Amino acid sequence: MKKIKINTRASYDIFIERGLIKNCGKIIADTVSTRKIAVITDNIVDKLYYETIELSLKENGFALSKFVFPAGEASKSSETLNEIYTFLCENNITRSDCIIALGGGVVGDIAGYAAATFLRGLDYIQIPTTLLAQIDSSVGGKTAIDLPCGKNLVGAFKQPKCVICDSDVLSTLSDEIISDGMAEAIKYGMIRDAELLDLIATHTLDNVNEIIDEIVYKCISIKRNVVENDEFDTGERMILNFGHTLGHAIESYYNYQTYTHGSAVSIGMCMITERGCEKYITDKLISCVTAYKLPSCCDAPINELIKLCSNDKKCESYDINYILCKNIGHAEIKKVSISEFEKFILNKI
C-alpha cells in the first residue's frame, strides 16, 4: 500500500492500493474515534460499493446510516444539501461523529460541504470511486455546491480525515467517466510534469489501465505539493484551474447536460492553449485529449462563454485569473481585466 501525507493545517493521509475498499473499516477505525458514521453517496455508487464498505465498517464496530441522492451534477444543489442536513438531524449525527463521502466528485463536494457546515463542522472521509475524484477533487479540501448562476460558488475549505483510493473500482467505470478523469490527469502533466504528459501520450483510452496506478500516484503527489504551498487558493494553487475558467463556462452554458466536467475542462485547456501558446504545444495537447476521446472544441458562442466567465469564482473585482502553459510542465497565472481577457479569447495569436 502506498501512502501520501498531506501536510495542511489539518494533516491527513491518502491511502492507495488495489482492493483497499474491502478493508476500509480498519483504516477508518484507526483514523477516527467515533463509531457512528453517516454515508453519503449517489444511486449508482450505492448499488456498486455500499455493501462492500458496510461489511468492512460493521466488522470494525461501526453503526451506519445512509443518504442516497440521484447521480449527476444537477444534484450538487442547495436542495440536495438541505435534504442531507435533514437526514443528519433525523439520524442524530453529532459533532463527534463522521461522514463518509462514497462516490465521485459531486458526492465528495456536497458531502464535504455538509461536513464543513453542519453543526459548524464534523469529520469526514473521502472514498473516491472515479478517476477524477481520486486524482483531483478528493484531495485538497475544496468543498462546494453549485448555484444556477455558476459552478462551485458556495463552498468551504474542509480537509478530510483521510482519503482511500482503490484503483480496482475504476474497472466498473464507463469509457466516458475514465475520459472525464483523464482530462484532469492531462492537466497535471501540462501544468507541472512533462514526463507525466509523455507517459499519458504513449497510451490511449483502450490501454490506459496499464498505467492507471502510476497516473493516480503521480497526480496526487503533484496536487499534494501544490496544496501544501497554498492551502487556501490565493496563489500557486490557482494553476490547478488550468482549463477551468472556460470549462466551467461551457458546463454552465449547456446546463451541465452536454459535457462532463472533464470534457469541458479539455475544451477549456485547448482553447486557452490555442490562443496563447506555440502551435506545437497546442498540437500535442489536442493529440493527447483526442487519444482519450475528449473534445477540443465546442459550438457554444464565444461571446456567451466570456459572459459566463465573469461569474466564475476565479474573478477578483474587475479582474480574472486564467492559467497558461507556454512550456509543457510549467504553468503561469495570468491576472487581467475582464476586458483584456475578452480580447485575448477573441483574438487568437
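Coordinates for the structure precede this section.
Our subject in this report is the structure included herewith. Each chain has its residues counted from 1, following the order in which its sequence is written. Local features in this predicted model are restricted to residues whose pLDDT is 70 or higher, and side-chain atom pairs enter the listing and the counts only when it is 80 or higher, whereas totals over whole chains, interfaces and linings include all residues. By convention in this description, side-chain values take in all heavy atoms of the structure and omit both hydrogens and water.

## Some points on the packing of helix H6 (residues 175–192) against helix H7 (residues 194–201)
Then, in step 1: Here an axis means a line fitted to C-alpha atoms, over the contact stretch when the element is a helix, while the angle between two N-to-C directions is reported on a 0 to 180 degree scale. Under the scheme used here, helices are H or I runs from DSSP no shorter than 4 residues and strands are E runs no shorter than 2 residues, and both carry numbers assigned from the N terminus. Direction vectors running N to C along H6 and H7 enclose 140°, while the axes themselves pass 6 Å from each other. In terms of their interaxial angle, H6 and H7 are classed as oblique. Residues Met182, Ala185, Ile186, Tyr188, Gly189, Met190 and Arg192 of H6 form the contact with H7, whose participating residues are Ala194, Leu196, Leu197 and Ile200. Put simply, angles under 35 degrees are roughly parallel, angles over 145 are roughly antiparallel, angles from 65 to 115 are roughly perpendicular, and the rest are oblique. In what follows, residue pairs with any heavy atoms lying within 4.5 Å of each other are defined as contacts.

## A word on the nonpolar core
Then, in step 1: With 95 residues, the main nonpolar core has Ile14, Ile28, Ile127 and Ile186 as its most contacted residues.
Then, in step 2: Tallying contributions element by element places H6 first for this core, with 8 residues.
Then, in step 3: In this structure, Ile28 is in contact with Ile37, Leu57, Phe62, Ile100, Ile125, Ile127 and Ile164, ignoring residues within four places of it in sequence.
Then, in step 4: If you look at the next biggest cluster of nonpolar residues, it comprises 22 residues, including Phe69, Ile84, Ile99 and Val106. In this text, buried Ala, Val, Leu, Ile, Met, Phe, Trp, Tyr and Cys residues form a nonpolar core when linked through side-chain atoms within 4.5 Å. Buried residues are those whose accessible area, probed at 1.4 Å on protein chains only, stays under 20% of the maximum for their type, while exposed residues exceed 50% and partly exposed ones sit between those limits.

## As for the environment of Asp283
Then, in step 1: Assignment of secondary structure puts Asp283 in helix H11 (residues 279–291).
Then, in step 2: C-alpha of Asp283 to C-alpha of Cys270: the two residues are 13 residues apart in sequence and 9.1 Å apart in space.

## Side note on the environment of Val154
Then, in step 1: Position of Val154 relative to the elements: it lies in strand E8 (residues 150–157).
Then, in step 2: Taking the C-alpha atoms as reference points, Val154 and Leu131, separated by 23 residues in sequence, lie 24 Å from one another.
Then, in step 3: With residues near it in sequence (within four places) discarded, Val154 still touches Tyr113, Thr143, Ala144, Ile145 and Leu147.

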